[in-house]
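Examining the three-dimensional arrangement
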Amino acid sequence: MSQLNVDTLASQTGTLVSLASNHFNNFGIIQATSFGPIGGSSNQLETTSTTYADVPNHTMTITPKVATSKIFVVMSTGYWAADVPGNIKIVENSSGSFVDVQEMKYQGMSAGQSSIGGNTTLLGLIDHNTTNAVTMKMQGARQDSSGSNRFRITWYDQKATGFACEIGNI
């Protein structure tokens, strides 16, 4: 058994507790990344396709420090449905190919009805089991295939934001 005897403890200097190389406090928020708020024409998706497409610059990458941690992801954006409903989803690639995290369907009106806009927030918890980079991105698609109307994401001066946090011991 060991015993530590001290007369005085000095206050900590710096902002982090040092740990041995490749050892981490496996609890709470370990690290975070984000994008936004972003808007403008280089950050918009306008689509008439029912096939999902990436929303430009609505992407985050985080390299987990602990393989057994989880990544909590939140993305928020505005949309505009020009007489057609649409879909928005978050996808991630911790396994080497993109898979769905969360999807919101039927945004907006039915085909042929008035245009409508709004805001939506998507969130998810990713169980990655890796210490390789994990990329999360937002995608959008038109919901139905009739007509030529467009579904738009981050349109008309709307802003988008995204946050991803690696969380340990949950």
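In this text, all values refer to a predicted model and were calculated from it rather than measured experimentally.

**With respect to the packing of aromatic side chains**
In this structure the tally under the stated criterion is 3 aromatic pairs. Residues tryptophan 80 and tyrosine 156 carry aromatic rings whose centres are separated by 5.5 Å and whose planes lie at 90° to one another, so their mutual orientation is edge-to-face. Remark: tyrosine 156 occurs in the loop between strand E9 (151-153) and strand E10 (160-168) and tryptophan 80 occurs in strand E4 (residues 70-81); sequence separation between them is 76 residues. For tryptophan 80, a relative accessible area of 26% gives the class partly exposed. Residue classification places tyrosine 156 among the exposed residues on the basis of a relative accessible area of 51%. Lysine 89 extends its terminal NZ or CZ atom over the ring of tyrosine 52, reaching a point 4.0 Å from the ring centre.

**As for the nonpolar core**
Formed by 22 residues in total, the largest nonpolar core has its most connected members in Val73, Met75 and Met136. Here this core takes 5 residues from E4, the largest share from any one element. With sequence-adjacent residues up to four places away left out, valine 73 is seen in contact with Met60, Ile90, Val101, Leu122, Leu123, Gly124, Ile126, Met136, Phe163 and Ala164.

**Looking at the side chain of glutamine 158**
Within the secondary structure, glutamine 158 is located in the loop between E9 and E10. At 3.3 Å, the side chain of glutamine 158 forms a polar contact with the backbone nitrogen of tyrosine 79. Ignoring any residue separated from it by four or fewer positions in sequence, one finds glutamine 158 in contact with Ile38, Gly39, Gly78, Tyr79 and Gly118.

**Looking at unusual backbone geometry**
The residue after glycine 36, namely proline 37, is reached through a cis peptide bond having omega 5°. One can find proline 37 in strand E1 (residues 28-38). With a phi close to 50°, asparagine 129 is a non-glycine residue in the positive phi region. Its place among the elements puts asparagine 129 in the loop between strand E7 (116-126) and strand E8 (134-142). Of the residues examined, asparagine 129 reaches a relative accessible area of 58% and is grouped as exposed. Unusually for a residue other than glycine, aspartate 157 sits at a positive phi of about 65°. Relative accessible area serves as the criterion here: at 74%, aspartate 157 is assigned to the exposed category.

**Things to note about the environment of valine 74**
Structurally, valine 74 can be placed in strand E4. With a relative accessible area of 18%, valine 74 lands in the buried category. Residues valine 74 and methionine 136, 62 residues apart in the sequence, show an inter-C-alpha distance of 9.9 Å. For valine 74, the contacting residues outside a window of four places in its chain are Met60, Thr121, Leu122, Leu123, Thr161, Gly162 and Phe163.

Each value, and the rule that gives it
- Residues numbered from 1 in each chain as written.
- Predicted model: local features only at pLDDT ≥ 70, side-chain atom pairs only at ≥ 80, totals over all residues.
- Heavy atoms only, no water.
- Phe/Tyr/Trp six-rings, centres within 6.5 Å; stacked < 30°, edge-to-face > 60°.
- Helix = DSSP H or I, 4+ residues; strand = E, 2+ residues; numbered from the N terminus.
- Buried < 20%, exposed > 50% of the residue type's maximum accessible area, 1.4 Å probe, protein only.
- Lys NZ or Arg CZ within 6 Å of the ring centre and 35° of its normal.
- Core = buried A, V, L, I, M, F, W, Y, C linked by side-chain atoms within 4.5 Å.
- Contact = heavy atoms within 4.5 Å.
- Polar contact = N/O pair within 3.5 Å; in protein donor to acceptor, adjacent residues only side chain to side chain.

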